[in-house]
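A look at the structure
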Amino acid sequence: MNKKAYYGEFGGQYVAESLMNTLEELDAAFEDAIRDPKFMEQYHDYLRQYVGRETPLYYAKRLSEAYGTKIYLKREDLNHTGAHKINNVIGQILLAKRMGKTKVIAETGAGQHGVATATGAALFDMECTVYMGKEDIERQKLNVLRMEMLGASVVSVESGSNTLKDATNEAIRTWAKTAEDTFYVIGSAVGPYPYPKMVKEFQSVISREAKRQHMEIEGRNPDVVMACVGGGSNSIGMFAEFIGEPEVALIGVEAAGLGIETGKHASAMALGAPGVLHGMRSYLLQDENGNVQLAHSISAGLDYPGVGPEHAYLRDTGRASYVSVTDAEAMDALVELCRLEGIIPAIESAHALAYAKKKAKEMTMEQSMVLCLSGRGDKDVNTISDYLAGKGYLN
Ligand SMILES: *Cc1c(COP(=O)(O)O)cnc(C)c1O
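What comes next concerns the included structure. (Residues numbered from 1 in each chain as written. Predicted model: local features only at pLDDT ≥ 70, side-chain atom pairs only at ≥ 80, totals over all residues. Heavy atoms only, no water.)

**What to know about the sheet that holds strand E10 (residues 249–257)**
Here is the rule: For two strands to count as paired, DSSP must find a minimum of two bridges between them. Helix and strand labels come from DSSP, where a helix needs a run of H or I of at least four residues and a strand needs a run of E of at least two; each type is numbered from the N terminus. To get an axis, fit a line to the C-alpha atoms, keeping to the stretch in contact for a helix; angles then go from 0 to 180 degrees between the N-to-C directions. Here, residues are in contact when the closest pair of their heavy atoms is within 4.5 Å.
Across the sheet, which stays open at both edges, the six strands sit in the order E3-E4-E14-E9-E10-E13 with mixed pairing between neighbours. Two strands bound the open sheet, and with one partner strand each, they are strand E3 (57–59) and strand E13 (320–326). The sheet shows a mean angle of 25 degrees between the axes of neighbouring strands, taken without regard to direction. Where strand E9 (residues 224–228) lies against strand E14 (residues 368–373), three bridges are found, and the strand directions are parallel. Directly across from Met226, in E14, lies its bridge partner Leu371. Seen against the sheet, helix H14 (residues 327–341) touches E3, strand E4 (70–75), E10, E13 and E14 and runs at an angle of roughly 90 degrees to E13.

Written out as structure tokens, the structure is:
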């Protein structure tokens with residue numbers, strides 16, 4: 001067993017033998033790159049000039065007064081392409097270039113990671129193929145169009161449930177055959193090692209900035225740091241610099257969908273059990289026979305049956321806690337942020353806001369909370385308007 005590939009009992013490299021060397025090469029190239037000041041300079045240069053970093057740590061005054069504690073929003077919604085995903089894509093595609101690859105592939109569910117990868121591929125002149133479930137292609141037409149405008153080919157995956165889980169399996173299978181010239185860009189802190197480590201590194205810019213920004217304003221660390229959890233990339237990036245600061249409470253917020261008691265949810269931490277999916281061992285939603293179950297959330301970006309292995313470890317060691325909020329709670333919080341601050345958040349991010357409201361009840365105006373606003377809500381306006389029109393979200 002390759003010990004370094006594990007976070008406690010989680011993580012690992014559960015892939016076909018033919019991919020083991022590829023993962024080994026990737027790990028070596030990554031470790032070499034992040035120790036090369038030229039590579040990191042280039043990465044930060046693109047984050048500044050292209051992505052638009054650093055993002056503000058915004059004191060949400062009216063929201064704070066409404067909820068009862070100081071709330072700072074880390075504005076990842078202001079990044080180019082509208083969410084945190086681009087931070088990771090820039091890092092991985094620069095690494096692909098450095099390794100001499102000419103093609104990139106990616107999986108996507110809602111299409112957000114597909115759009116970010118197609119964007120990076122255009123920027124760095126790489127051929128780009130995105131695997132997407134047939135069902136998701138129909139549900140996310142606008143993002144399919146965006147990817148095509150950016151020059152990517154979108155491949156429809158027709159197997160299993162025709163969604164993200166199946167698209168990911170297809171991307172891994174394709175990669176095993178094409179790794180010579182192809183780099184697989186994974187969009188969350190999941191997959192076989194070293195992906196969870198790479199994604200954390202490239203998303204840690206979120207907490208490096210936020211920690212310094214909060215220190216400049218408040219002269220100390222925040223009491224609570226919070227983020228929503230799909231696969232766990234914006235949250236691990238938001239937690240990274242605070243994991244070693246024991247006075248800071250770390251809270252990850254999963255989707256409870258229609259309510260965890262209904263079975264229609266995406267709360268892998270609350271109700272999942274350890275198992276293997278997409279090359280890693282972690283908490284997964286599965287039935288008693290170990291078959292992976294479909295996740296449900298009003299937010300397409302939280303609709304993943306698993307969670308990154310480092311989160312599983314942070315949960316089991318007690319360093320971070322994980323909670324979940326329902327579709328309805330998230331939508332109420334979303335509308336509240338629109339009306340109080342003039343910010344339309346992604347439905348994913350609204351899950352963290354909904355829990356912030358609950359958590360703030362135990363806090364005072366002398367304390368503070370930093371919340372990762374992972375993305376903007378433009379992509380969600382149809383879902384939001386259907387919901388507000390009283391159609392709800394039935395699935
Ligand atoms: C994809 C996405 C998420 C969920 O993914 P993580 O890897 O858990 O961060 C959250 N928010 C937004 C805006 C997203 O696009």
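**Remarks on the environment of Ser153**
The residue Ser153 is located in strand E7 (residues 153–157) in this model. Separated by 22 residues in sequence, Ser153 and Tyr131 place their C-alpha atoms 8.7 Å apart.

**A word on the site of the ligand**
The line we're drawing: To be near a molecule or strand, a residue needs just one of its heavy atoms within 4 Å of it. Whenever a nitrogen or oxygen atom comes within 3.5 Å of another N or O atom, the pair is scored as a polar contact, on the condition that within protein one atom can donate a hydrogen and the other can accept it, and that pairs from neighbouring residues in sequence are kept only if both atoms are in side chains. Surface accessibility follows the Shrake-Rupley procedure with a 1.4 Å probe radius. Residue values consider only the protein chains on display as shielding.
Around the ligand sit 17 residues in total, of which Lys85, Ser188, Gly230, Ser233 and Ser374 are the nearest. Between an oxygen atom of the ligand and a side-chain N or O atom of Lys85, the distance comes to 2.7 Å. Between the ligand and Gly231 there is a distance of 3.2 Å, counted from an oxygen atom to a backbone nitrogen or oxygen. A total of 380 Å² of accessible area belongs to the ligand in isolation, and the protein chains cover 96% of it.

**Considering unusual backbone geometry**
A cis amide bond links Arg53 with the next residue in sequence, Glu54, at an omega value of 5 degrees. Assignment of secondary structure puts Glu54 in the loop between helix H2 (37–51) and E3. Residue Pro194 follows Tyr193 across a cis peptide bond; omega there is 15 degrees. Position of Pro194 relative to the elements: it lies in the loop between strand E8 (182–185) and helix H9 (195–203). Phi is positive for Asn162, close to 60 degrees, though the residue is something other than glycine. Following the sequence through the fold, Asn162 ends up in the loop between E7 and helix H8 (164–178). For His278, which is not glycine, the phi dihedral falls at a positive 50 degrees.

**Quick word on the packing of helix H4 (residues 85–98) against helix H5 (residues 112–123)**
In plain terms, the rule: For classification purposes, an angle smaller than 35 degrees is called roughly parallel, one larger than 145 roughly antiparallel, one from 65 to 115 roughly perpendicular, and anything else oblique. Definitions for this section: a left-handed crossing has its near helix turned counterclockwise from the far helix by less than a right angle. A right-handed crossing has that turn clockwise. Three categories are distinguished: nonpolar for Ala, Val, Leu, Ile, Met, Phe, Trp, Tyr, Cys and Pro, charged for Asp, Glu, Lys and Arg, and polar for the others, with Gly belonging to the last.
Following both chains from N to C, one finds H4 and H5 inclined at 40 degrees, their axes separated by 9 Å at the closest point. Classified by the angle between their axes, H4 and H5 sit oblique to one another. Seen from above, H4 lies across H5 with right-handed handedness. For the pair H4 and H5, the contacting residues are Lys85, Ile86, Val89, Ile90 and Ile93 in the first and Gln112, His113, Ala116, Thr117, Thr119, Gly120, Ala121 and Leu123 in the second. Here the residues of the contact of H4 with H5 are counted per class, giving seven nonpolar, five polar and one charged.

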